[in-house]
Amino acid sequence: ITNTREREGYIKALSPWQVEGEAATADFIRQELTAALGAMLGVEAGPVGDYTHNSLAHPVARLLVATPEESAVIRSLALGDALTRVGQEGYLIKTTRYRDKPITIVTANTHAGLLYGTFKLLQLLQTGQAVSNLAIESAPATKLRVLNHWDNLDRYVERGYAGESIWNWHKLPHYKSQRYYDYARANASIGINGVVLNNVNADPLILTPQYLVKVKALADIFRPYGIKVYLSVKFSSPNLIGGLPTSDPLDKNVQAWWQAKANEIYSLIPDFGGFLVKANSEGQPGPGDFGRSHAQGANMLADALAPHGGNVMWRAFVYNVEANVERSKQAYNEFKPLDGTFRQNVLVQVKNGPIDFQPREPFSPLFGAMPKTPLMMEFQITQEYLGFSTHLVYLGPLYEEVLKADTYAKGAGSTVAKVVDGSLYGHGITGMAGVANIGSDRNWTGHIFGQANWYVFGQLAWNPEVSTKQIADDWIRMTLTRDDKAVNTIRAMMMASRETAVNYMTPLGLHHIMGWGHHYGPAPWIGEQKPDWMREDWTSVYYHSANATGLGKDRTASGSNVIAQYHAPLRQAYSDPKTTPTELLLWFHHLPWHYELANGNSLWHELVARYYLGAQAVAEMAKTWDGLEANIPPQLFKQVQMALAIQTQEAAWWRDACVLYFQSYSKQSLPEGFAKPKHS
Ligand code: GCU
């Protein structure tokens, strides 16, 4: 902190500081404060003053971090029932007086709460906020705030764009990389309290004793940071590594195998979080292979974990082409009938949209359809469909749009956020998962702005109601610059970046027209000449349905009738293009090229206009960034500048490819004012 007045104000308010308690977490908090206050304020490294002797009579600290259990000073303060309100993981940060002297306290019922409170206090300093009169009470809205690593055991990260996996399975358990500690610190600083270490397309070897000792090593490192370890498991593990002839969930030997496996895991990792399961989806094995339901599969695992307090996160991402039902309907069809049949320790984990992490989708109708089941949100932080780690796309507005969406499940105001945080149906167990964008790149996420997506995920899992604009602001101040003008410019850029990506990739409700398999760049033509082996629901033409008369997928009653899965009044609104939000038009409707939109443009005109707008906005973003050179650390400036140059080219590539492709159906010339695509 370079502003002397500000720095002195902070020093006066917070130094000397003291952390009471002997637990490992208290040590980490001491380390964090030593490093952070040393770096930011230049205060002596380490705590000053001795609280252990004579503390009640002569407290010297201005900042005290402790649980009431470990601190007589905290116990002596009148905190009312604030600590009851913040629960297990929440915290209080308060400016008060002790023996007539001002004191700032960070307190909580648990060490995890202390850690979160400490990071919050440091965030206040990093973002330049006043700390002289604090009264912050905060508790997480969801219980399980979990990163899902799609990391394979050979360190390949499925849909990872930031280098290889940070888990070095080869050197574990003995080699404990500093990265693991820094990863835990970063997560704890945003309230993340769980990590699924391995890919949902799970390797059964993760459950072998050889790997479990490695998992234990990571769990031991993460524990003091309040982070539990979970594993993705392959449903056929009893057969593949257990030597059993079957993995049928109703088979007694299979059940016994999972129970023994759970016992083995908990003997190594007493606070193990539980299992994440992708079953009967994209070729993965599952209970369906034995004629059993998702609930029967999930419940068998839940029973094995229950005695130890573990949970099952059972994914609802299921579809198969044989079902001959439109893909976006399948999860609802399979899961809704199972509502009320899952064990108490099962959460069904639902992707935010009904297809697959597209730049824009409506929310999954499952969020309004399973009142008796805790539904866990699954967001994707890694930018599989959003330009990998090359494109600057701040995902806050995407997450916020989904969380604020109204399902109308119990009338107006039944937002997705309220389903997920359990408040709509009173579920005790709740959660949010984010598919991680983390790898061994020096900056963790490939693109430095990818860090903002990790950050905003954590903040929203803690509080889904908070504004993602504010989160962007905080992140910029902590990461890039404290210059107000520059902060405003960058924040505006970030906030617009998702809509910009939608415009140059998939405007007006288009979706899944990315390159086949890798999902990078435009390929709306995939499926035009479909070889026999290619799944229809993995082609682009399946989703955009372009033809000579028009464009878009008919999901109304005249088509696949997906709208029936939404509650009134959404169902009615989506049934008519006039009352469907323009942003989702082609998601729900197949419309004629000359269809007139509310703004008077024809569909063709608006489509072209949006592609051009998107590409133009990226070029402007690059120009804006150029103007920020003086405010950004040189290396970061240059990296982002280079990435934006690529993004500018690729947005134009997207625009040209899509406009030219769809033009081959619309047979119309470009509306006036739009230059002919260069790549034609
Ligand atoms: C997408 C993604 C896959 C992933 C799958 C899933 O289809 O492309 O790589 O395995 O989602 O979420 O299971």
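Because the structure is predicted, anything quoted here is derived from the model rather than measured. (Residues numbered from 1 in each chain as written. Predicted model: local features only at pLDDT ≥ 70, side-chain atom pairs only at ≥ 80, totals over all residues.)

Moving on to the overall build of the protein. The number of helices and strands found in the protein is 21 helices and 15 strands. Scaling as 2.2 N^0.38, a compact globule of 680 residues should have a C-alpha radius of gyration of about 26 Å, and the protein matches this with 26 Å. When its C-alpha atoms are laid out on the principal axes, the protein stretches across 85 × 65 × 50 Å. Across the 680 residues that make up the protein, the buried fraction comes to 52%. Sequence-distant contacts, at least 24 apart, represent 70% of the contacts inside the protein between residues at least 6 apart. (Helix = DSSP H or I, 4+ residues; strand = E, 2+ residues; numbered from the N terminus. Rg over C-alpha atoms; globule rule 2.2 N^0.38 Å. Buried ≥ 20, exposed ≤ 12 C-beta atoms within 10 Å, placed from the backbone. Contact = placed C-beta atoms within 7 Å.)

For the protein, per-residue confidence averages 95 on the pLDDT scale, and 97% of positions sit at 70 or higher. Counted against residues more than four places away or in other chains, residues 48–58, with its pLDDT under 50, gives 14 contacts. For this predicted complex, the interface score ipTM comes out at 0.99, while the overall pTM is 0.97. (pLDDT = per-residue confidence, 0-100.)

Between its terminal C-alpha atoms helix H15 (residues 468–479) stretches 16 Å, which fits the 16 Å expected from twelve residues at 1.5 Å a residue. Among the residues of H15, those classed as buried are Thr468, Ile471, Ala472, Asp474, Trp475, Ile476 and Arg477. (Expected span 1.5 Å × (residues − 1).)

Residues in close proximity to the ligand include Glu158, Arg159, Val200, Asn201, Lys278, Glu282, Phe317, Asp356 and Glu384, which together make up its full environment. Of the residues belonging to the shell around the ligand, the class tally is two nonpolar, one polar and six charged. (Near = placed C-beta within 6 Å. Nonpolar A, V, L, I, M, F, W, Y, C, P; charged D, E, K, R; others polar.)

Within the largest apolar cluster, 203 residues are counted, with the highest numbers of intra-cluster contacts made by Val229, Leu301, Val312, Val348, Leu366 and Met376. The dominant element in this core, judged by the number of residues it contributes, is helix H20 (residues 603–626), at twelve residues. With near-sequence residues (within four places) excluded, leucine 301 lies in contact with Trp258, Phe275, Val277 and Val312. (Core = buried A, V, L, I, M, F, W, Y, C linked by C-beta atoms within 7 Å.)

Mapped onto this numbering, the UniProt entry gives "active site" (unreviewed entry) at Glu282, Asp356 and Glu384. Mapped onto the fold, aspartate 356 is located in the loop between strand E11 (346–351) and strand E12 (375–380). Here aspartate 356 falls in the partly exposed class, since 18 other C-beta atoms lie within 10 Å of it. Structurally, the position occupied by glutamate 384 is in the loop between E12 and helix H12 (396–404). What makes glutamate 384 buried here is the crowd of 22 C-beta atoms within 10 Å. If we ignore the near neighbours within four places in the chain, the residues touching glutamate 384 are Arg159, Phe357 and His519. (UniProt positions renumbered as here; feature names shortened; annotations may be inferred.)

Turning next to the environment of phenylalanine 662. By the secondary structure assignment, phenylalanine 662 is in helix H21 (residues 634–666). Using a count of 22 C-beta atoms within 10 Å as the deciding quantity, one classes phenylalanine 662 as buried. Along the sequence, phenylalanine 662 and leucine 347 sit 315 residues apart, while their C-alpha atoms lie 41 Å from each other. If we skip the residues at most four places from it in the chain, phenylalanine 662 touches Ala546, Leu551 and Leu607.

Taken in spatial order, the eight strands of this closed barrel run E6-E7-E8-E9-E10-E11-E12-E13, and their pairing is parallel. With direction set aside, neighbouring strand axes in the sheet form an average angle of 25°. Of the pairings in the sheet, the one linking E12 to strand E13 (residues 431–435) comprises four bridges and is parallel in character. Across the sheet, residue phenylalanine 379 finds its bridge partner in E13, namely glycine 434. (Pairing = 2+ DSSP bridges. Axes fitted to C-alpha atoms, helices over the stretch in contact; angles between N-to-C directions.)

Another aspect to go through is the sheet that holds strand E3 (residues 91–98). One open sheet accounts for five strands, arranged E1-E2-E4-E3-E5; its pairing is mixed. The open sheet has two edge strands, strand E1 (17–19) and strand E5 (135–138), and neither has a second partner. Averaged over all adjacent pairs, the angle separating strand axes in this sheet is 20°, with direction ignored. Looking at chain direction, E1 and strand E2 (residues 63–65) are connected through three bridges and run parallel. Across the sheet, the residue bridging to valine 19 is valine 65, located in E2. With respect to the sheet, helix H5 (residues 111–126) is in contact with E2, E3, strand E4 (101–107) and E5, its orientation differing from that of E3 by roughly 75°.

Bringing unusual backbone geometry into the picture now. The linkage connecting serine 15 with the following residue, proline 16, adopts the cis geometry, with an omega of 0°. In this structure, the amide linkage connecting alanine 568 to the following residue, proline 569, adopts the cis form with an omega of 5°. If you trace the backbone, proline 569 turns up in the loop between strand E14 (550–551) and helix H18 (570–575). At glutamate 282, a residue that is not glycine, the phi angle is positive and equals roughly 45°. Residue position: glutamate 282 is located in the loop between strand E9 (274–277) and helix H10 (294–305). Residue classification places glutamate 282 among the partly exposed positions, given that 13 C-beta atoms sit within 10 Å. In the Ramachandran plot, phenylalanine 388 falls in the positive-phi region, its phi being about 50° despite a non-glycine side chain. Here phenylalanine 388 lies in the loop between E12 and H12.

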